[in-house]
Amino acid sequence: MSLALGIPASTVSSALRPFGPVESARATRHHVLVDPKDLREALGAARRELKLDHFVQLATIDVGDAFELRYILTGSHRALVSVRTRLPRAAPHVASVHDLLPPAGLYERQVHDLFGVVFDGHPGLSRLVLAEDWPEGVHPLRKDFLVEAAARPGAKGGT
Amino acid sequence: MDLSNRLANWARLKSPWITMFNSGACNACDIEVIDAVTPRFDVERFGILSKGSPRHADILIVTGPVTLKQASRLRRVYEQIPEPKYVIAMGACGAQGGVFKGLYHVVGGVDKVIPVDAYVAGCPPRPDEIIDGVVACLGIMKEDLAHGGKEWRRKAPALIPLAPARRRGVAP
Amino acid sequence: MDALSTLFYALVFPGFLFLASLALLFQYVDRKVVARVQGRIGPPLLQPLADFVKLLGKEVISPEGSDSRVLSAAPLVALAAVFAAFLLMPVLGPSPLGFTGDLPVALYLLTLPTVIMLVVGFASKSAYTSLGGARAVTLLFIYEVPFYLALLAPAIAAGSWSMGAIVEWQSANGLLVLSQPLALAVALVGLQAKLERAPFDIAEAETELIAGPWTELTGRRLAVMRLSFDAALVAGCVLVALLFLGGGALPGDPHPYWLVAVAVVLLKAFLVALVLIVVRAAFGRLRVDQFSSFGWRVLAPAAVLQVFVVLVTVGGGWP
Amino acid sequence: MAEIMIPIGPQHPALKEPVNFKVFAEGEIITRLELDLSYNHRGIEKAAESRDFTRVVPLLERICGICSHSHTTNFVKGVEEAMGVTPPPRAQYIRTLIAELERLHSHMLWLGVGGHEIGFNTLLMWTWRDREDIQDTLEEMTGNRVNYGTNKVGGVRRDLTQDQIDRAHKRFDTLEERFQGYAEMATQNPTIRERFQGVGKLTREQALALGTVGPTARASGVDSDIRRDDPYCAYPDVKFQVVTEESGDVFGRTLVRVREMMESLKICRQLLADLPEGPIAAKAPRTAPKADVISRYEAPRGELVHTILTDGSDHVARLDIRTPTLANWTSVAASLPGAHLADIPVVVAAIDPCLSCTSRVTVVDIHGRKPASYSWDELRAWGIDRHAGRRRRS
């Protein structure tokens, strides 16, 4: 028995069009690219109008010249709506949403450690994933961080 | 007096208390060690008790490829255990870091942090292999008692005689 | 009883060696029965002896900042207290060291190990041990008063403070277990709590405070402390056997041959221990506040009621 | 009594894995809790980017020893979606069967550990003795007790033979009444009721707001289960009921898990009854086209999410894993202050934390004696009323 309901693309775009272009892969997968400065309003609007009460994931991707943050939300209608922003690689700053989405308090801390993205207004953005003696400012999940050649024969060297 | 020595050695071999330390493992080994305590394998038959406090333990079972953060904690727990103490490194991770070898946050291998006396192969080793590992460690303990301490091993670690259990053929 | 045979009485037969081996035997039975209840095979017979001797050979570590002299002395004091209590008990006929007031003295001596756990807890200067020690004493306040009342009820019924006299009285007037079942129940619960066995092992709760006050004990100290608690189990069971099950007296002959008397007392003590062991296997651990509410709402009233009933039945109070 | 700081972990018998709590308690009552979990962060996401699709599966399998199949199934079905490959129905059934067997052994493991947390070792011994039946079934079907290695891109590696299926059916029957026994014991045993009821309470609104997932959320009345909401593998044609409770405390989570074990048994029987014939794997290309997939899975502990980006090469461009336990940590931090010290292991164990999963992503590590750990103060300040009173006082 499957209850995949999803939301029609029209309602998603009507709610989020003022913030950015909306694309819908299928009834249960929608995403919108918003500007970093109005990320909070976009998230607020998405939560209110599209009744998204569950924060699924904060995915982060190093796309070369920028870091793409994806706030993936869902609700009782089972559709996944991901609000995406791109932050410049030089100064990756964005407003923290820990008050809107409490679990974000934890996820942002992890992203800060692994990517170096700074979340303004975040209360305790201290060391998270890495050991105490890990050098400051070195963010392992960035593409330019090369792990010394993986010891496994045949596996490629660090990317 | 020979009698008291023999009694002391007998007691030390018959009551090996273990304590576990997870130095960044995927916890499959930890579950298999706890499996060894449960009814089907029941290590209490050999006098093996799993103790919470390192102060009460003889054998430290370390699971996982030591992560950077756990290295100092592993060293501290190792120092808390009263002599004579033995270390068993569990599974492929304990030996050289296993599938996590070469990752940026992993030291890889327990022997890079503390001296290890016995290795148990497998990922994760089955509970009966873990018991075999403890028995092998007891064999090493017996050898140490015969040679008066661990020093002789440090000079020629390669000569550790495998416990007779190892040469047993394929289990029936 | 001239000096030599008293010395033999104290050191060998119903004294140190006898009680030590009994303690190890009871520990074996305890672990074996619990293992069988859990579907496991359980340890071999000589396992407790192997554990004890191995611990004697282990290195003794005192954490820096802790008071190592106290940590060494405390277990020995606990052991001495428990053995002294056992000497007072009329195991093979009236004990040469027994006197009219030996029941309260034995009870006091059996309380010492718990108090010493507090001392050990605070001497080891670690968060776990001090909290464990504090818990051990808070438990003490909860179960100690009902436990004493429950064990004094037989004294009131028998009209004497001496354990030997109580045993004599029972062989004449019928076992106290029949007339005072409530006191027996409270005594068993108190004993289980005194020995910090599940469901009352709150002080050394393994999954919360690692091993509570025991955490920093190593080597000889741990061996002696474990032996004293095992011996306390034996002494407690023998005490309950004496006061409620008639001690060494057989139904027909109140003063059987001394060997038979010892065997009977041990058999009764073994039955009492069996009850405590099965309870340990069947229950999880209570929280401190739950145990205190259980203590004050159930244990204390039951003990007081029992004493009241005894006073009434003895006919208008005790002369 | 002064506020004392009790460090629990990273090496602590209650926690099978390294987590470090700095618990601030007044006497026995917890006032504040600082959590540090990054003890077994190994850097798996970085490693995944340098291994091709066949080599990355064994790595992902060893993220967590209890839910190894969850990680590989979730990853492999994501990559198949990116490649446009659909595994044959028999492979889908076998994958779902192994997934439900993993849920069974994980819940039985949790029930035993739950008993151990309150010192009730008999329950641990009994549940883990019966768990061996599931381990035997898994070992027969996949060759290993843990880390089964059944998944590969395109299908499964091992087929099921008829006598394996018959033996499995026999074991399911014996397990059925054992589960009835657990249901009674969990509900009737006095100490379990004493120690579990009313502990670590989470209302439905709190559960939703704090993003709790899996049995922890379902015990607070949140009706979400990815097997039904975002069906995958063979779940569309399997009939099962999503179990929810209303009490929201540790006792409710116990009931949810016990009833879920019975549901899983029902699913296993349905899967074995109408197991389709046919091949067990489809030919999968070496490289995956440029794609962007969000793959979700109902692991034993809750919703597991993989965001997979492929860029046309033979390995993953980016793999972002959010594990169920991390989502549940927020609820622990919210429900523990005010509870008893003795309840910490119980409440923590109640979300059945799988720290190996979590510790790839983690929670703050606080040093020294800094007065307040902002993360938790701030989290608690987030409109949870019953803490507001205490925070003003302390």
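Right above here is the structure, for reference.
Parameters and conventions
- Residues numbered from 1 in each chain as written.
- Chains lettered and ligands numbered in written order.
- Predicted model: local features only at pLDDT ≥ 70, side-chain atom pairs only at ≥ 80, totals over all residues.
- Heavy atoms only, no water.
- Helix = DSSP H or I, 4+ residues; strand = E, 2+ residues; numbered from the N terminus.
- Buried < 20%, exposed > 50% of the residue type's maximum accessible area, 1.4 Å probe, protein only.
- Contact = heavy atoms within 4.5 Å.
- Areas by Shrake-Rupley, 256 points an atom, 1.4 Å probe, with all protein chains shown as cover.
- Core = buried A, V, L, I, M, F, W, Y, C linked by side-chain atoms within 4.5 Å.
- Pairing = 2+ DSSP bridges.
- Axes fitted to C-alpha atoms, helices over the stretch in contact; angles between N-to-C directions.
- Salt bridge = Lys/Arg side-chain N within 4 Å of Asp/Glu carboxyl O.
- Parallel < 35°, antiparallel > 145°, perpendicular 65-115°, else oblique.
- Left-handed = near helix turned anticlockwise from the far one by under 90°.
- Nonpolar A, V, L, I, M, F, W, Y, C, P; charged D, E, K, R; others polar.

A. Seen up close, the overall build of chain A. Secondary structure assignment for chain A yields 3 helices and 7 strands. Its helices and strands in sequence order give chain A the pattern α-β-β-α-β-β-β-β-α-β, from N to C terminus. Across the 159 residues that make up chain A, the buried fraction comes to 57%. Put simply, of all contacts in chain A between residues at least 6 apart along the chain, 47% involve residues at least 24 apart. As displayed, chain A has an accessible area near 6200 Å², and 59% of this comes from carbon and sulfur atoms.

B. Examining the nonpolar core more closely. In this structure, Met89(C), Leu103(C), Met163(C), Leu239(C) and Phe244(C) are the most contacted members of the largest nonpolar core, which totals 89 residues. Top contributing element to this core by residue count: helix 11 (residues 219-245) of chain C, with 20 residues. The next biggest cluster of nonpolar side chains, apart from the first, holds 79 residues, and it includes Ile34(B), Ile94(D), Leu109(D) and Phe172(D).

C. Seen up close, the sheet that holds strand 3 (residues 54-62) of chain A. Residues and elements named next belong to chain A. Judged by pairing direction, the sheet is mixed, and its 5 strands sit side by side in the order 1-2-5-4-3 without closing on themselves. In the strand order of this sheet, the two ends are held by strand 1 (22-26) and strand 3, each with one partner. Ignoring strand direction, the axes of neighbouring strands in this sheet form an average angle of 20 degrees. As paired strands, strand 4 (residues 66-74) and strand 5 (residues 80-88) are joined by 9 bridges and run antiparallel to one another. Within strand 5, the residue paired with Thr74 across the bridge is Leu80.

D. Main features of the pattern of salt bridges. Counted by the stated rule, this structure contains 58 salt bridges over all chains. In this structure, Asp30(C) and Arg197(C) form a salt bridge, with 2.9 Å as the shortest nitrogen-oxygen distance. Taken together, the residues Asp30(C) in helix 2 (residues 16-37) and Arg197(C) in the loop between helix 9 (181-194) and helix 10 (206-209) connect sequence positions 167 residues apart. A single burial state applies to Asp30(C) and to Arg197(C), both of which are buried. Its salt-bridge partner being Glu176(D), residue Arg269(D) comes within 2.8 Å of it at the nearest N-O pair. With a gap of 93 residues between them, Arg269(D) in helix 11 (residues 250-273) and Glu176(D) in helix 6 (residues 162-188) connect regions that are remote in the sequence.

E. Here's a closer look at the packing of helix 2 (residues 53-61) of chain D against helix 3 (residues 68-83) of chain D. Residues and elements named next belong to chain D. As a packed pair, helix 2 and helix 3 sit with axes 8 Å apart at the nearest point and diverge in direction by 150 degrees. In terms of orientation, helix 2 lies roughly antiparallel with respect to helix 3. Regarding helix 2 and helix 3, the two cross each other, and that crossing is right-handed. Along its contact with helix 2, which presents Phe53, Val56, Val57, Leu60 and Glu61, the element helix 3 presents Ser68, His71, Thr72, Phe75, Val76, Val79 and Met83. Of the residues belonging to the contact of helix 2 with helix 3, the class tally is 8 nonpolar, 3 polar and 1 charged.

F. Focus on the environment of Ile202(C). Residue and element names in this part refer to chain C. Mapped onto the elements, Ile202 comes out in the loop between helix 9 and helix 10. The class of Ile202 is buried, set by a relative accessible area of 2%. Separated by 113 residues in the primary sequence, Ile202 and Met89 have C-alpha atoms spaced 29 Å apart. In contact with Ile202, not counting residues within four places along its chain, are Arg135, Leu139, Arg285, Leu286, Arg287, Val288 and Phe291.

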